[in-house]
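Structure assessment
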Amino acid sequence: MNGSPASSTQRALDAVRQAPSMLTGLDGMDDLTDAVRADGAAAAPLLRAAVHDPTDTLTAVVAVHAAGVAGPTAAAVVVPLLGSAVPFLREHAAWSLGSGPPLAEAVGPLTAMAGDGGLLGTLARATLETWASPAGASSRGASSRGADSRGADVGAGARGPHDDRGLTVAQLFLHADLDGSLLHAGKGDTGGIATLLVQLGDALLADPRVARVLTLSRSHHGQDRRPDDPLAPGHHYLGVPLPGPVRHAADTWHLREAVRDGLRRILTAAAPVDVLHLRMADVGAWAAAEVAEELGIPTVLTLAPDPHALIAAREDAGSLTRTTFGAVDHVEHLVLRVRLLRHLAAQAAALVVFPRPDLERDLRDLLHLDPGTEAHRLTVVPEGIDLAPLDRAAREVGVAGGSGTPPASRDALCELDALLATLPAERRGLPLVVSVGRLHRVKGMATLVEAWAADPACTLRCNLLVVGGDLEEPTDDEAEQLTRIGTTVPPVLAPARGLLLAGHRPQGTVVTWLAAVRRGRPGLCAPGGVYVSASLKEEFGIAILEAMASGLVVVAPREGGPATYVEEGVTGLLVDTTSPAVLAGAVVRALDLAAAPDAADRGDHARAVVARRFGIARMASSLADVYAGVLGEGGS
């Protein structure tokens, strides 16, 4: 078809269709967009055919976005999709139109959509907002190409050249109600990142360059959660008021405007703010990036291949195909998250990445980021934990809950003992396998229960303690996991079979229980328990580090961050956590390691590794270097 009016579009479409992976196909969106601009109206028939091909819905999505950038193709191909019976086509049509010029015929349908809830309404409102903005499509973060604005206007309106006050750092995690107590750790979306931000905020203040840390999280029922004086030095927890009930992260895209308004008020009132650290491609980061650009606050992004690694893994496993991609995307918003992360990375003044076994390969293959050309913006920073509570728990559990045990640890041990007492007498001499985290399919809690229950070598060897989730009022994600668990082991039979569901517990309770799993509880469980993370993916793994620092042998996913610090056969085992049989076999091998004669020495070694490489103070110092570098103030 060389030399025909739409030859560029045809070649670009063929490249998307024949791409060796779905991620590469999605990246073909930019080339296809350029081809559509060059070919003009002649591209419309090719794009229309691609959009309506039910065997390749990934190419359909890419074609919708390419068509949206030019008036003739948008009018011919995209506007009709606003009335499509196919949900993912409607969503992408509403989104893609924001990349092109305003179209009068689309205003009515988009306005009707804007009144809907969920992501569709958000995307329609965002497009209408972009059309009404003098800046036009370039202001649309989630829909922009995301490759042309490297680095924000660093420090605009924040610091003068001779300003010697300490830095003010803002850090955002929208999907938790953080106040420093960590009473709700493991409930809903309040996972390891909540623990991290609380401990990191305190540790940053130990650096003389940092004066204030503002930890921003959700606050419901329209109530602002404000400190006595947010302008005073210290670690302040600021709540973004959100309407309606608490929702899990995947169901909050419709809150973009509310989040943006709340963040604008908070950051303006707390000004000057020197840097805003974002960590994931979610509605909070989308809104925060817009506010940061508006207020001239530079951003730092912790860049992890999410959902890139998930897409790649599911494609490899055959559970995600080009035929099913559109329907899955409608539920999980994969394309939005991929494109949003790309925009956030383009806007960021600096990028932070976790250690990974093949970091440069993953940056290139998953994120399509060149480590060479981006070296000036990239810093590898491992996550860290505060070892003091873990060491304290180890000491206090060591006195066996007697009169010398402080009340908090004594209460935590009493709670654990009450759970263990529900086990039948014949199972009280077994060690515990413990897993701590959110009840979400990504965390693999139900998979762990299924693996343990299906393998007699596991069930006869240990009891299983699952810590996390709201058992009384579960979210949809928690309910899905609890249903799977209940199908495997009916709740009325769970203690008799050796399964204990503890629900979410405060962080202080969790660290005490980790120490007890290692030491055992007299008459209730044997020493030599182990920790298991059955997560589909762990970018790094705060809970795994805490278990290692408690001296426990760990079982962890072989993909991602844990492979950089778990020593195979020494401090733990790295396995394919998607296979129940493999997971169950790893649990048995981990119990063997925990019962070996040198188990105590290896536990001490695990704690030493964490202390040397992954202390929270080390992480805070590295990030303070990044923040200071963004503002041109050099390192420590």
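I will try to describe carefully the structure that is included in this document.

Rules of the game
Residues numbered from 1 in each chain as written. Predicted model: local features only at pLDDT ≥ 70, side-chain atom pairs only at ≥ 80, totals over all residues. Heavy atoms only, no water. Salt bridge = Lys/Arg side-chain N within 4 Å of Asp/Glu carboxyl O. Buried < 20%, exposed > 50% of the residue type's maximum accessible area, 1.4 Å probe, protein only. Pairing = 2+ DSSP bridges. Helix = DSSP H or I, 4+ residues; strand = E, 2+ residues; numbered from the N terminus. Axes fitted to C-alpha atoms, helices over the stretch in contact; angles between N-to-C directions. Contact = heavy atoms within 4.5 Å. Core = buried A, V, L, I, M, F, W, Y, C linked by side-chain atoms within 4.5 Å. Disulfide = S-S within 2.5 Å. 1 Å grid on protein atoms, 1.4 Å probe; cavity = no way out; pocket = protein on both sides within 12 Å on 5 of 7 lines; lining within 4 Å. Points joined across faces, edges and corners; volume = space filled by probe spheres on them. Lys, Arg positive; Asp, Glu negative; His and termini not counted. Polar contact = N/O pair within 3.5 Å; in protein donor to acceptor, adjacent residues only side chain to side chain. Expected span 1.5 Å × (residues − 1). Phe/Tyr/Trp six-rings, centres within 6.5 Å; stacked < 30°, edge-to-face > 60°. Nonpolar A, V, L, I, M, F, W, Y, C, P; charged D, E, K, R; others polar. Parallel < 35°, antiparallel > 145°, perpendicular 65-115°, else oblique. Left-handed = near helix turned anticlockwise from the far one by under 90°.

1. Notes on the pattern of salt bridges
The final tally for this structure, using the stated rule, is 34 salt bridges. Close ionic contact of Asp 362 with Arg 356 constitutes a salt bridge, the shortest N to O distance being 2.8 Å. Here Asp 362 and Arg 356 have matching classes, each one buried. Each of Arg 356, Asp 358, Arg 361, Asp 362 and Glu 539 takes part in a single network of salt bridges with overlapping partners.

2. Examining the sheet that holds strand β12 (residues 553-557)
Overall, parallel pairing links the six strands, which are arranged β10-β9-β8-β11-β12-β13 in an open sheet. Of all strands in the sheet, those with a lone pairing partner are β10 (499-503) and β13 (572-575), marking the two edges. Adjacent strand axes in the sheet meet at a mean angle of 20°, parallel and antiparallel pairs treated alike. Strand direction decides the pairing type here: strand β8 (residues 432-436) and strand β9 (residues 463-467), joined by five bridges, are parallel. Bridged to Val 433 within β9 is Leu 464. Packing against the sheet, helix α23 (residues 507-519) makes contact with β8, β9, β10 and β11 (530-532), and its axis sits at approximately 155° to β8.

3. A look at the environment of Ile 266
Tracing the chain through its elements places Ile 266 in helix α11 (residues 256-269). Taking C-alpha positions, Ile 266 is 8.4 Å from Gly 239, a pair spaced 27 residues apart along the chain.

4. What about the nonpolar core?
One finds Leu 97 and Leu 216 to be the most contacted residues of the largest nonpolar core, which totals 101 residues. With sequence-adjacent residues up to four places away left out, Leu 97 is seen in contact with Gly 68, Ala 74, Val 78, Val 79, Leu 82, Leu 103, Ala 106, Leu 110, Thr 127 and Trp 131. One finds Val 300, Val 352, Leu 420 and Ile 544 within the second-largest nonpolar core, a separate group that totals 67 residues.

5. Observations regarding the state of the cysteines
Per the counting criterion, the structure on display carries zero disulfides. This cysteine, Cys 462, is not joined by any disulfide, and Cys 458 carries the nearest cysteine sulfur, 5.2 Å off. Residue Cys 462 is classed as buried on the basis of its relative accessible area, which comes to 0%.

6. Section: the pairing of strand β1 (residues 167-172)
Judged by how many residues are buried, β1 sits mostly within the fold: six of six residues are covered. Along β1, one buried face is formed by Leu 167, Val 169 and Gln 171 and the opposite face, lined by Thr 168, Ala 170 and Leu 172, is buried too. Relative to strand β4 (residues 275-278), β1 is paired through three bridges, and the arrangement is parallel. Each bridged residue has a counterpart across the sheet, and for Gln 171 the counterpart in β4 is His 277.

7. Looking at empty space enclosed by the protein
Scanning the entire structure with this criterion turns up nine cavities of 30 Å³ or more. Of the volumes computed, that of the largest cavity is approximately 70 Å³. Together, Leu 303, Ala 304, Pro 305, Val 353, Phe 354, Arg 356, Leu 359, Asp 362, Leu 363, Leu 367 and Glu 539 line the largest cavity. Ranked by the residues each element gives to the lining of the largest cavity, the list is headed by helix α16 (residues 359-365), at three residues.

8. A word on the side chain of Asp 329
Considering the arrangement of structural elements, one finds Asp 329 in helix α14 (residues 325-332). No salt bridge is formed by the buried Asp 329. Its closest oppositely charged neighbour is Arg 337, at 7.9 Å. Here the side chain of Asp 329 touches Val 335 through a polar contact of 2.8 Å, landing on its backbone nitrogen. Dropping the residues within four chain positions of it, Asp 329 is found in contact with His 92, Leu 334 and Val 335.

9. Observations concerning the environment of Ala 93
Structurally, Ala 93 can be placed in helix α7 (residues 87-96). A C-alpha to C-alpha distance of 5.5 Å links Ala 93 and Val 78, two positions 15 residues apart in sequence. Among all residues touching Ala 93, those that are not within four sequence positions of it are Val 64, Val 78, Leu 81 and Leu 82.

10. Digging into helix α15 (residues 334-347)
Between its first and last C-alpha, α15 extends 20 Å over 14 residues, near the 20 Å set by a 1.5 Å rise per residue. In terms of burial, α15 is a largely internal element, 13 of the 14 residues being buried.

11. Topic: the packing of aromatic side chains
The description of an aromatic ring pair uses the distance of the two centres, along with the angle that the planes make with each other. All chains considered together, the criterion is met by five aromatic pairs. Taking the centre distance of 6.1 Å and the plane angle of 55° together, the rings of Trp 253 and Trp 286 count as tilted. Residue Trp 253 is found in the loop between β3 (234-242) and α11, and its partner Trp 286 is found in helix α12 (residues 283-295); the two are separated by 33 residues along the sequence. For Trp 253, a relative accessible area of 5% gives the class buried. A connected cluster of aromatic rings, assembled from ring pairs, spans Phe 354, Phe 540, Tyr 565 and Phe 614.

12. A few points about the layout of surface pockets
Considering only enclosed or pocket space, the second largest pocket measures out at about 930 Å³ in volume. Along the wall of the second largest pocket there are 35 residues; nearest its centre are Ala 309, Ala 312, Ala 313, Leu 536 and Glu 559. Within the residue set of the lining of the second largest pocket, elements represented by two or more residues are α13 (308-317) and α16. Tallying contributions element by element places α13 first for the lining of the second largest pocket, with eight residues. Residues of the lining of the second largest pocket, tallied by class, amount to 12 nonpolar, seven polar and 16 charged.

13. Here we look at unusual backbone geometry
The peptide bond linking Ala 271 to Pro 272 adopts the cis configuration, its omega dihedral lying at 0°. Tracing the sequence through the fold places Pro 272 in the loop between α11 and β4. You will see that His 333, though not glycine, has its phi angle at about 55°, which is positive. Structurally, His 333 can be placed in the loop between α14 and α15.

14. Observations concerning helix α3 (residues 29-39)
Every buried residue belonging to α3 is among Met 29, Asp 30, Leu 32, Thr 33, Ala 35, Val 36 and Asp 39, and all of these are buried. The inward-facing, buried residues of α3 contact α1 (7-17), α2 (22-27), α4 (44-51), α5 (57-68), α6 (71-78) and α15. Following α3 by one or two positions, Gly 40 adopts a phi angle in the positive range, close to 65°.

15. Notes on the packing of helix α8 (residues 104-114) against helix α9 (residues 118-132)
One way to put it is that α8 packs onto α9 with a least axis distance of 7 Å and a crossing angle of 135°. With respect to each other, α8 and α9 are oriented oblique. Note that α8 runs across α9; the crossing there is left-handed. Facing Ala 106, Val 107, Leu 110, Thr 111, Met 113 and Ala 114 of α8, the residues of α9 in contact are Leu 120, Gly 121, Ala 124, Arg 125, Thr 127, Leu 128 and Trp 131. Tallied by class, the residues present in the contact of α8 with α9 amount to nine nonpolar, three polar and one charged.

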